[in-house]
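Coordinate analysis (summary)
Chain by chain, the residues:
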Amino acid sequence: MTNPANTWLLGGDLPILRLGYGAMRLCAQPGNFGRYPDWKGGKRLLRRAVELGVNFIDTAHPYGPGWNEELIADALAPYPAGVIITTKGGVEKTAPDKVFPDGHPASLRRFCQDSLQRLKLDCIPLYQLHRPDPNVPFAESVAAFAALRAEGKIRHVGLSNVTLDQVKEAQGIVPITSVQNRYNLLERSDDPIVDYCAEQNIAYLPWGPLAAKPFAPEAPLAQGSGALSQVASELGATTGQVALAWLLRRSPNIILIPGTTSVVHLEENVVAAKLQLSDPQFAALSSM
């Protein structure tokens, strides 16, 4: 039986486990650009995630670009009951090192339509604005998402890489279901946003949950020391699992989407949802 503490009702109507999967790394390298070379292996990993109970998978248009969404659809469509795919629009990628925001309403509509086709969906359960575009009024980009929602192309609206003021501004235009910003045990400047989202029943999806830099293979919290290492030893767990468990304990609205290309690491990450941190352990980690 699923522990209620490990579930979240996304948007008030979509039940998901709080430990999901971020598919970004299932692209060619460098820069997550191009078709994932081990296509069959990527399909096996995605299917294994679902077998393990993962029912929330995060992707985005620029991952590939497009190839990541195609891989997910190839592996899982038609999607098993209860499996929720979320993707993002608002960033264009033309080369591994050429990534830029594009929040023009016409572009957002095109991104959405392309994602619908690649994912083989009639409606995207959660569609997130990938990044505010400094060249487009934020309200115009959000209004474009509101229009897509009204047309039934997307069910819920999310935001990514935003400030607290932007979250509040967007709420005045359309209901906001999720916020996806960088946050982990070592980087906690988003504490006020995490808490605000919890008050508003908005899911908070921390990217970089193990403090890995974008596109870097190394994850600092996967080789942690000090309190992190001590708690891991006490629980018979890895430091990465403990860092993920801290996030789950930090706030009930936090939904994890750690990414990996390894089935072994995927299975390790899923175990993190079962770890129970004691109050002293949580306090020790929080004071790092």
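Let me begin by describing the structure that accompanies this report.

Basis of the calculations
Residues numbered from 1 in each chain as written. Predicted model: local features only at pLDDT ≥ 70, side-chain atom pairs only at ≥ 80, totals over all residues. Heavy atoms only, no water. Helix = DSSP H or I, 4+ residues; strand = E, 2+ residues; numbered from the N terminus. Buried < 20%, exposed > 50% of the residue type's maximum accessible area, 1.4 Å probe, protein only. Core = buried A, V, L, I, M, F, W, Y, C linked by side-chain atoms within 4.5 Å.

A word on unusual backbone geometry
A cis amide bond links Q29 with the next residue in sequence, P30, at an omega value of 5 degrees. Tracing the backbone through its elements, the reader meets P30 in the loop between β3 (21–22) and α1 (39–51). Here A77 and P78 are connected by a cis peptide whose omega angle stands at -5 degrees. Considering the arrangement of structural elements, one finds P78 in the loop between α2 (67–76) and β5 (84–89). The phi torsion at K120 lies on the positive side, around 60 degrees, for a residue other than glycine. Position of K120 relative to the elements: it lies in the loop between α3 (105–119) and β8 (124–129). With relative accessibility at 59%, the residue K120 sits in the exposed group.

Things to note about the nonpolar core
With 77 residues, the main nonpolar core has Y21, I72, L159 and V242 as its most contacted residues. Considering every element that reaches this core, the biggest residue donor is helix α8 (residues 239–250), with 7 residues. Membership of the second largest hydrophobic core comes to 11 residues, among which are L10, L205, I255 and I257.

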